[in-house]
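Each chain, written out:
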Amino acid sequence: ALWSDQLFALCRVDPAAGVPTFERLLELADPDSRGVIAEARTAALEGREHDTYQAQMRWPDGSTAWHVVRWEAVSLSGRRRIVGTHTDVTELMQRQLAAEHLAAIVSTTAEAILTVDAEYRIQTWNPAAERLFVWSAEAARGRPLFELVPVARKRFKERRLADAFAGERAETPH
């Protein structure tokens with residue numbers, strides 16, 4: 001087997017130790033990823049079509065990484081070999097998991113949470129906002145904040161007045 005320096009680094013394997021066995025790589029994979037990895041290898045060796053797969057790896061230091069992997073079998077010197085690509089998508093997965101976590105908090109909180117664009121049009125509206133303001137998220141999306149939440153206009157005017165007294169300039173919403 002031939003591994004590039006990048007693959008050794010990506011899989012956190014010391015090149016001096018040589019290319020690890022497939023079984024060793026499976027040991028590094030998260031238990032939930034092992035079946036997918038084994039099936040992808042079998043499919044590649046048998047020449048069957050298979051999709052790119054994602055595997056979660058658990059390194060000896062306790063850290064976790066996610067790889068997107070694509071393998072395919074080729075014949076080299078009369079032997080079937082697997083060639084492929086490994087891409088580290090750990091940062092992307094961490095951001096995705098953080099976004100999912102935040103979305104779960106926003107969707108389950110008892111507090112009304114909404115976001116607006118630069119023109120003060122509602123972009124997002126959580127279930128608590130639906131209950132408080134009696135507008136569905138779908139109906140609220142794209143509508144002017146001050147139309148649906150009249151108290152927001154009053155508070156904006158109060159803040160604008162306070163800013164003016166402090167010598168700051170506040171822009172008027174549309």
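Before any of the text, the structure's been laid out above.
Predicted model only: the values in this text are computed from it and were never measured.

Caption draft 1: Molecular detail of the packing of aromatic side chains. Tallying each qualifying case throughout the model produces five aromatic pairs. Taken together, the ring pairs connect Phe22, Tyr53 and Trp71 into an aromatic cluster. Here the basic side chain of Arg41 rests over the ring of Phe22, its NZ or CZ set 4.2 Å away from the ring centre.

Caption draft 2: Quick peek at the pattern of salt bridges. Counted by the stated rule, this structure contains six salt bridges. For Arg58, the salt bridge goes to Asp30, with nearest N and O atoms at 2.7 Å. On the criterion of sequence distance, the pair formed by Arg58 in strand β1 (residues 53–58) and Asp30 in the loop between α2 (22–28) and α3 (31–45) is long-range, its members being 28 residues apart. Between Glu46 and Arg48 there is a salt bridge whose closest N-O contact spans 2.8 Å. Judged by relative accessible area, which is 52%, Glu46 ranks as exposed.

Caption draft 3: Quick peek at the environment of Tyr53. By secondary structure assignment, the location of Tyr53 is in strand β1. A relative accessible area of 8% places Tyr53 in the buried class. Sequence separation of Tyr53 and Val36 is 17 residues, and the distance between their C-alpha atoms is 7.3 Å. Here Tyr53 is in contact with Val36, Ile37, Ala40, His67, Val68, Val69 and Trp71, once residues within four sequence places are set aside.

What counts and how
Residues numbered from 1 in each chain as written. Predicted model: local features only at pLDDT ≥ 70, side-chain atom pairs only at ≥ 80, totals over all residues. Heavy atoms only, no water. Phe/Tyr/Trp six-rings, centres within 6.5 Å; stacked < 30°, edge-to-face > 60°. Lys NZ or Arg CZ within 6 Å of the ring centre and 35° of its normal. Salt bridge = Lys/Arg side-chain N within 4 Å of Asp/Glu carboxyl O. Helix = DSSP H or I, 4+ residues; strand = E, 2+ residues; numbered from the N terminus. Buried < 20%, exposed > 50% of the residue type's maximum accessible area, 1.4 Å probe, protein only. Contact = heavy atoms within 4.5 Å.

Functional significance is not addressed by these values, which are geometric in nature.
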